[in-house]
Amino acid sequence: MPPIAYLPSDDPLFGTVDVGLDHEAGVLVVAGDGLPRADVRRVAGTPLESHVPIGTRDPGRLTMRVDSAAVSLRPAKGFLTRRSYQVDVGSGTKGYGHRLVPVSLGSSRLLRDGAPLGVFTSTGDGIVTAEWETGTAPSPYDASIGYALATAFGTGAEPMWKLTLDAVLAVWF
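The notes below deal with the structure included here. (Residues numbered from 1 in each chain as written. Predicted model: local features only at pLDDT ≥ 70, side-chain atom pairs only at ≥ 80, totals over all residues. Heavy atoms only, no water.)

**Describing the overall build of the protein chain**
Right, on to step 1. Scanning the protein chain from N- to C-terminus turns up two helices and 13 strands.
Right, on to step 2. A burial count over the protein chain gives 44% of its 173 residues as buried.
Right, on to step 3. Counted over contacts in the protein chain with a minimum sequence separation of 6, partners at least 24 positions apart contribute 40%. (Helix = DSSP H or I, 4+ residues; strand = E, 2+ residues; numbered from the N terminus. Buried < 20%, exposed > 50% of the residue type's maximum accessible area, 1.4 Å probe, protein only. Contact = heavy atoms within 4.5 Å.)

**Re the packing of aromatic side chains**
Right, on to step 1. Under the defined criterion, the tally for this structure stands at three aromatic pairs.
Right, on to step 2. A network of ring pairs unites the aromatic residues Phe14, Phe120, Trp132 and Tyr147 as a single cluster.
Right, on to step 3. Cation over ring: Arg99 sits above Tyr96, and NZ or CZ is 3.8 Å from the ring centre. (Phe/Tyr/Trp six-rings, centres within 6.5 Å; stacked < 30°, edge-to-face > 60°. Lys NZ or Arg CZ within 6 Å of the ring centre and 35° of its normal.)

**Here we look at the pairing of strand E3 (residues 15-22)**
Right, on to step 1. With three bridges connecting them, strand E2 (residues 9-11) and E3 associate as antiparallel partners. Bridge pairing in E3 places Asp10 opposite Thr16.
Right, on to step 2. Between E2 and E3, which pair antiparallel and follow one another directly, the connecting turn spans three residues.
Right, on to step 3. Looking at chain direction, E3 and strand E4 (residues 27-32) are connected through six bridges and run antiparallel. Across the sheet, the residue bridging to Val19 is Val30, located in E4. (Pairing = 2+ DSSP bridges.)

**A closer look at the sheet that holds strand E11 (residues 107-112)**
Right, on to step 1. Read from one edge to the other, the open sheet built from six strands follows the order E8-E9-E10-E11-E12-E13, with strand pairing classed as antiparallel. Where the open sheet ends on each side, the last strands, each with one partner, are strand E8 (73-75) and strand E13 (128-132). Strand-to-strand twist in this sheet, taken as the mean axis angle between neighbours without regard to direction, amounts to 20°.
Right, on to step 2. Bridging between strand E9 (residues 87-89) and strand E10 (residues 98-102) involves three bridges; their strand directions are antiparallel. (Axes fitted to C-alpha atoms, helices over the stretch in contact; angles between N-to-C directions.)

This is how it looks when you write it as structure tokens:
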């Protein structure tokens, strides 16, 4: 599969945000005017999970850099609850600096130290959008992290009852 150059996103606060993902190589890059470059990389030889755009949710097989500085990246395993699909970056007052957590079937909320910044939607066709919370002041750093996580891991998750039903049915059939 060739590298995918996603369509630039037109962010209401930060202008054009360019996103590129190479699923096979396991490389994601986010850049834009005034935004620090963010990249997520998968370790070579990692078995690919086709339902995860970057190819894995294993934190031991992923690295992330923002503005050339390494940051910790901790995606949860993703199983029976929406919260199990959250992704944490960095460290802050609550044990994480940023968190992307699903809030609906198709969207996820970006938090900084527990405070909501905005909601991201990744439609799977290369379009990632952000709707920033009224009254917040997200930084370019926040935007780079949000776009990187939304693209690398996708957004949204099924409700708990649906995930549980799917798990039960998988055991029986």
